[in-house]
Amino acid sequence: MSAEIVQLVEQAGPYLTTAVGAYGVAVFTRAESAAVDATANLGRRILQAVWRRRDEQGRAELEVAVQDAVEAPDDEDTAAALRQQIKRALRDDAELLAELARMLPAASETVNVTASGERSIAAKTIGTAVTGDNTTIKP
């Protein structure tokens, strides 16, 4: 399996997990939801793209993997099985690989931000951040 596929699936992992958590097995048929965050919506788009490009057997296998992930969201094995389905689809379909690569942010755009402690915040960029009790913004 190519390193490109492995890297792409690793990058897509959080999007897939969030989409499955937000949409469940309806991830294949639901439209984008304004009430669901961008991460889940991107994961939904990835799963729908894979599902559309699979044959009947491939779709059934992907649906089973998603159902298992919905039923056991904290089980690493179910998450791994879903990622394996995505890898298999990408290995079999170079056009799908290119499509998903265009969907995902470039690796250099990926930022990990950690905040810890009471009332802490974290962001890639912040214009204005106001936190705490009885805070006011002064012009």
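Residues numbered from 1 in each chain as written. Predicted model: local features only at pLDDT ≥ 70, side-chain atom pairs only at ≥ 80, totals over all residues. Heavy atoms only, no water.

## Comments concerning the overall build of the chain
Right, on to step 1. Within the chain one finds 5 helices and 0 strands.
Right, on to step 2. For the chain, the N- to C-terminal ordering of α and β elements is α-α-α-α-α.
Right, on to step 3. By the burial criterion, 34% of the 139 residues in the chain qualify as buried.
Right, on to step 4. Partitioning the intrachain contacts of the chain with sequence separation of at least 6 by distance along the chain shows that 56% fall at a separation of at least 24.
Right, on to step 5. Working note: accessible area of the chain is about 8800 Å², and carbon and sulfur atoms make up 47% of it. (Helix = DSSP H or I, 4+ residues; strand = E, 2+ residues; numbered from the N terminus. Buried < 20%, exposed > 50% of the residue type's maximum accessible area, 1.4 Å probe, protein only. Contact = heavy atoms within 4.5 Å. Areas by Shrake-Rupley, 256 points an atom, 1.4 Å probe, with all protein chains shown as cover.)

## Observations regarding the layout of surface pockets
Right, on to step 1. Taken as a whole, the largest pocket spans an internal volume of roughly 220 Å³.
Right, on to step 2. For the largest pocket, the lining is made up of 16 residues, of which Thr 17, Val 20, Ala 69, Pro 73 and Ala 79 are closest to its centre.
Right, on to step 3. Put simply, the parts of the chain that give the lining of the largest pocket at least two residues each are α1 (3-23), α3 (56-71) and α4 (76-92).
Right, on to step 4. Here the lining of the largest pocket is composed, by residue class, of 8 nonpolar, 4 polar and 4 charged. (1 Å grid on protein atoms, 1.4 Å probe; cavity = no way out; pocket = protein on both sides within 12 Å on 5 of 7 lines; lining within 4 Å. Points joined across faces, edges and corners; volume = space filled by probe spheres on them. Nonpolar A, V, L, I, M, F, W, Y, C, P; charged D, E, K, R; others polar.)

## Observations regarding the packing of α3 against α4
Right, on to step 1. Following both chains from N to C, one finds α3 and α4 inclined at 155°, their axes separated by 8 Å at the closest point. As the angle between them shows, α3 and α4 are arranged roughly antiparallel. Note that α3 runs across α4; the crossing there is left-handed. Residue-level inspection shows Gly 58, Glu 61, Leu 62, Ala 65, Val 66, Asp 68 and Ala 69 of α3 in contact with α4, the latter providing Thr 78, Ala 81, Leu 82, Gln 85, Ile 86 and Arg 88.
Right, on to step 2. Of the residues assigned to the contact of α3 with α4, the class counts are 7 nonpolar, 3 polar and 3 charged. (Axes fitted to C-alpha atoms, helices over the stretch in contact; angles between N-to-C directions. Parallel < 35°, antiparallel > 145°, perpendicular 65-115°, else oblique. Left-handed = near helix turned anticlockwise from the far one by under 90°.)

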